[in-house]
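# Coordinate analysis (summary)
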Amino acid sequence: MSPEGKKLLNIIILGFGFMFMFTAFQTCGNIEQTVIKSFNSTEFHGSGYTSMAIIYGVFSASNLIAPSVVAVIGPQLSMFFSGLLYSLYIAMFIYPYTWSFYTASVLVGIAAAVLWTAQGNVLTINSTDSTIGRNSGIFWALLQFSLFFGNLYIYCAWHGHVHITDQDRRTVFISLTVISLVGCFLFFLLRKPDSESSSSAEATEPLLHVQLSPRTDPMPAAPSGLELTFYSGVYGTCIGAMMSFGQDAKSLIGISGICIGVGEILGGSVFGILNKRIGFGRNPIVLLGFITHIIAFYLIFLNIASDAPLAPEEGTDLEAFITPSVGVALFCSFLLGLGDSCFNTQLLSIIGFMFHDNSAPAFAVFKFIQSIMAALAFYYSNYLLLHWQLLILVLVGFLGTITFFKVEHMANSIRRQSDYDSI
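The present account deals with the structure reproduced in this document. The structure presented is a predicted model; accordingly, all values stated were derived computationally and were not measured. Per-chain numbering applies: the sequence of each chain, read as written, is numbered from 1 onward. For this predicted model, a pLDDT threshold of at least 70 governs which residues receive local features, and a threshold of 80 or more governs which side-chain atom pairs are given and counted, while totals over whole chains, interfaces and linings are taken from all residues. Values shown for side chains rest on all heavy atoms present in the structure; no hydrogens or waters enter the calculation.

## Comments concerning the overall build of the chain
Numbering of helices and strands starts at the N terminus; helices are DSSP runs of H or I of at least 4 residues and strands are runs of E of at least 2. Each helix and strand counted, the chain has 14 helices and zero strands in total. Its helices and strands in sequence order give the chain the pattern α-α-α-α-α-α-α-α-α-α-α-α-α-α, from N to C terminus. For the chain, the share of sequence-separated contacts (at least 6 apart) that also reach a separation of at least 24 residues comes to 87%. Areas reported as accessible are Shrake-Rupley estimates using a 1.4 Å probe. Residue values count occlusion only from the protein chains shown. With the model as given, the accessible surface of the chain reaches about 16400 Å², and the carbon-plus-sulfur share is 69%. Every residue pair with non-hydrogen atoms within 4.5 Å of one another is taken to be in contact.

Below, the structure is given as structure tokens:
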């Protein structure tokens, strides 16, 4: 196999490993608040939103040590051991206790920092300036297939269920634990890229060697953290709480996740893989993502009751400004996924482009900002009505989009200077 083919195979294996792991974890995050509300045990007093706030809070702090861990044990083992902790968190729901729930949340926060720093490192060392956009798109599209498969399983397993029984819960989480472990072991198929091929590629196609600096504003990562919280936990809970959607409202959580996944896969495929061929660049794609999210947030504001994120297991019988529509709710799910993929494929691309020789710290800073915002969002999701959460998403999304334009302008200036110096 050619050196370039080996690198591409590594990206595909990386994508499949994350697809299996996050088929389990993202599905878990999407349903856990609904599952917790249905526990028959009075001894469990945990909150899914609080758990996610802990995960992303610890995640942000652990990014300070994650690059060192990846440097010492290597990205492959870093991802494997992190994946085991993800599997432990999912397995906890088979026989849940409050103490084990929150302990596992802390461990997953540490694991997440190491996992995503290692992922960024593997993505970068298997890419060049000309392939980073393509590889980011391939990875993102494969990763987001996790939303499709996991939520399809939830829909089939819970279709017609008004209440989630203990047996329903155990069956689902045993299956998700096994799926997560399969993803962990796939990382052992990764092969180290040929150093000679890397050298020759750099000789024929110079890559930018820049350091982290105050000019590299981390603000573009902020919207992705808030959006991650909203689509991966809050919005599914809102749909499941709408009594006007009928007895199938719980199973609609799975269909919503599938629609998000379709949007993510479409965005990753079109804007990640094809953007270099069709010459769009990054700014128009990020702008499209922001506009897509504005449309989704407005429709959600009109369609979903404001108290839906805080409703009890029985749900809410309140309505918003229009007669609640399942079709509109699922269309918004698709728009959330499409907009999120627009942001994230371009963020991965620009970080890998600007920090090719120092990728682990750069991806750690990106995940540090993203996870702080996600932790904050999961925390306020326990208290804020839906319309206030949507307003925060709009304001931070606008600021993040403007800041991305500034960073992209700086990247283009560096590229032009590099081209000038090479003459």
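## A look at the environment of Gly400
Secondary-structure assignment places Gly400 in helix α14 (residues 386-421). Here the alpha-carbon distance between Gly400 and Pro220, two residues 180 residues apart in the chain, equals 4.4 Å.

## Things to note about the packing of aromatic side chains
Stacked, edge-to-face and tilted labels apply to pairs of Phe, Tyr and Trp rings (six-membered ring for Trp) whose centres lie within 6.5 Å, assigned for plane angles under 30 degrees, over 60, and everything in between, in that order. One pass over the full model with this rule turns up 28 aromatic pairs. In this structure an aromatic cluster arises from ring pairing among Phe18, Phe22, Phe25, Tyr86, Tyr89, Phe93, Phe101, Tyr102, Trp116, Phe139, Phe173 and Phe187.

## Thoughts on the environment of Ala296
Tracing the sequence through the fold places Ala296 in helix α11 (residues 283-303). Remark: the alpha-carbon pair of Ala296 and Leu390, spanning 94 residues in sequence, is separated by 9.8 Å. Among residues more than four places away in sequence, those in contact with Ala296 are Cys332, Leu335 and Leu336.

## Concerning empty space enclosed by the protein
As defined here, a cavity is a set of points on a 1 Å grid over the protein atoms alone where a 1.4 Å probe fits but cannot get out. A pocket is an open set with protein on both sides within 12 Å along at least five of seven lines, and residues line them when an atom is within 4 Å of a point. Grid points are joined across faces, edges and corners, and a volume is the space filled by probe spheres set on the points. Summed over all chains, the structure comprises five cavities of 30 Å³ or more. The space that makes up the largest cavity amounts to roughly 330 Å³. If you go around the largest cavity, you meet 24 residues; those closest to its centre are Phe22, Gln26, Tyr56, Trp116 and Leu228. At the level of secondary structure, the elements contributing two or more residues to the lining of the largest cavity comprise α1 (3-37), α2 (48-62), α4 (98-125), α5 (132-158), α8 (221-241), α12 (326-354) and α13 (359-380). Within the lining of the largest cavity, the residues separate by chemical class into 15 nonpolar, seven polar and two charged. When residues are grouped by polarity, Ala, Val, Leu, Ile, Met, Phe, Trp, Tyr, Cys and Pro land in nonpolar, Asp, Glu, Lys and Arg in charged, and all others, Gly among them, in polar.

## Observations concerning the nonpolar core
The biggest cluster of nonpolar side chains holds 110 residues, and the ones touching the most others in it are Phe18, Tyr86, Tyr89, Trp116, Phe173 and Phe230. Counting residues per element, this core draws most heavily on α12, which supplies twelve residues. The residues touching Phe173, leaving out its near neighbours within four places in the chain, are Cys28, Ile31, Val35, Ile90, Phe93 and Ile94. Counting five residues, the second-largest nonpolar core is a separate cluster that includes Ile11, Leu123, Ile132 and Leu142. By nonpolar core is meant a set of buried Ala, Val, Leu, Ile, Met, Phe, Trp, Tyr and Cys residues that side-chain atoms within 4.5 Å join together. Three labels apply to residues, based on accessible area from a 1.4 Å probe with only protein chains included: buried if under 20% of the type maximum, exposed if over 50%, partly exposed otherwise in between.

## Remarks on the pattern of salt bridges
Salt bridges are defined as contacts in which a side-chain nitrogen from Lys or Arg sits within 4 Å of a carboxyl oxygen from Asp or Glu. Scanning all chains against the criterion turns up two salt bridges. As a salt-bridge pair, Arg134 and Glu4 come within 3.6 Å of each other at their nearest N and O atoms. Linking Arg134 in helix α5 with Glu4 in helix α1, this pair joins segments that are 130 residues apart in sequence. Judged by relative accessible area, Arg134 falls into the partly exposed class, the value being 26%. Taking the relative accessible area as the measure of exposure, Glu4 reaches 35% and is therefore partly exposed. As a salt-bridge pair, Arg282 and Glu408 come within 3.0 Å of each other at their nearest N and O atoms. Taken together, the residues Arg282 in the loop between α10 (275-278) and α11 and Glu408 in helix α14 connect sequence positions 126 residues apart. This pair shows no difference in class: Arg282 is buried, exactly as Glu408 is.

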